[in-house]
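# An overview of the molecular structure
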Amino acid sequence: PDGTEKWRKDVPGGIFASPAIAADGMIYANSENGTLYAMNPDGDEKWRFSAKRDSVLGVNHGPPAIGSDGTIYVPSCDKHVYAVSPDGTEKWRFNPAVA
């Protein structure tokens, strides 16, 4: 609790939205390069999920959100919201522009 940095993770493109922290301490960060990073509380990377990216914009926007069942919801500039399982696999994707 003394404010000492415990670890740091550099990711391509950077992270410009707040990460989400699950009840078990897992940290989910949506990067500007179109990748969702899952990190253990000690900073070790558990997995990556690459969302499809818009060929012009090529970035994800906004923070991930975690559902009560552990599903991670990720907004992406390919006009989809992705639902990702806690093991890093895609559950489904939704394009609100088509709904």
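Residues numbered from 1 in each chain as written. Predicted model: local features only at pLDDT ≥ 70, side-chain atom pairs only at ≥ 80, totals over all residues. Heavy atoms only, no water.

## Quick notes on the sheet that holds strand β1 (residues 20-21)
In plain terms, the rule: Strands pair, by our definition, only if DSSP identifies at least two bridges between them. Runs of E in the DSSP output that reach at least two residues are strands. Runs of H or I that reach at least four are helices, and both are numbered from the N terminus.
With antiparallel pairing, four strands are arranged side by side in an open sheet as β1-β2-β3-β4. Whereas interior strands pair on both sides, the edge strands pair on one side only; in this sheet they are β1 and β4 (45-50). The pairing of β1 with strand β2 (residues 27-30) spans two bridges and is antiparallel. Across the sheet, residue Ala 20 finds its bridge partner in β2, namely Tyr 28.

## A few points about the nonpolar core
This is how the line gets drawn: Residue types Ala, Val, Leu, Ile, Met, Phe, Trp, Tyr and Cys, when buried and joined through side-chain atoms within 4.5 Å, form a set referred to as a nonpolar core. Only protein chains enter the area calculation, which uses a 1.4 Å probe; residues under 20% of their type maximum are buried, those over 50% are exposed, and those in between are partly exposed. Any pair of residues with heavy atoms lying within 4.5 Å of one another is described as a contacting pair.
Listed in full, the 12 residues of the largest apolar core are Ala 22, Met 26, Tyr 28, Leu 36, Ala 38, Trp 47, Phe 49, Ala 51, Ile 72, Val 74, Tyr 82 and Val 84. Those elements that place two or more of their residues in this core are β3 (35-39), β4, β6 (72-76) and β7 (80-84). In contact with Tyr 28, not counting residues within four places along its chain, are Pro 19, Ala 20, Ala 22, Leu 36, Tyr 37, Ala 38, Trp 47, Pro 64, Ile 66, Ile 72 and Pro 86. Counting five residues, the second largest nonpolar core, distinct from the first, contains Val 11, Ile 27, Ala 29 and Met 39.

## Observations regarding the pairing of strand β8 (residues 90-94)
In the sheet, β7 pairs with β8 via four bridges, with the strands oriented antiparallel. Paired with Ala 83 across the bridge in β8 is Trp 92. Hairpin connection of β7 to β8: five residues between the antiparallel strands, including Gly 88 at a positive phi of 95°.

## Quick notes on the sheet that holds β8
The four strands are arranged β5-β6-β7-β8 in an open sheet whose pairing can be described as antiparallel. Lying at the two open borders of the sheet, with one neighbouring strand each, are β5 (65-66) and β8.

## Things to note about the environment of Glu 90
To keep it simple, the criterion reads: What qualifies as a polar contact is a pair of N or O atoms within 3.5 Å, subject to a donor-acceptor requirement within protein and to the restriction that residues adjacent in sequence count only when both atoms come from side chains.
Looking at where Glu 90 falls in the secondary structure, it is placed in strand β8. Assessed through its relative accessible area of 31%, Glu 90 is described here as partly exposed. A sequence separation of 19 residues divides Glu 90 from Thr 71, and the C-alpha atoms of the two residues are 9.6 Å apart. With residues up to four places along the chain from it excluded, the contact list for Glu 90 reads Phe 49, Tyr 82 and Ala 83. There is a polar contact of 2.9 Å between the side chain of Glu 90 and the side chain of Arg 93.

All quantities given are derived from atomic positions and should not be read as evidence of function.
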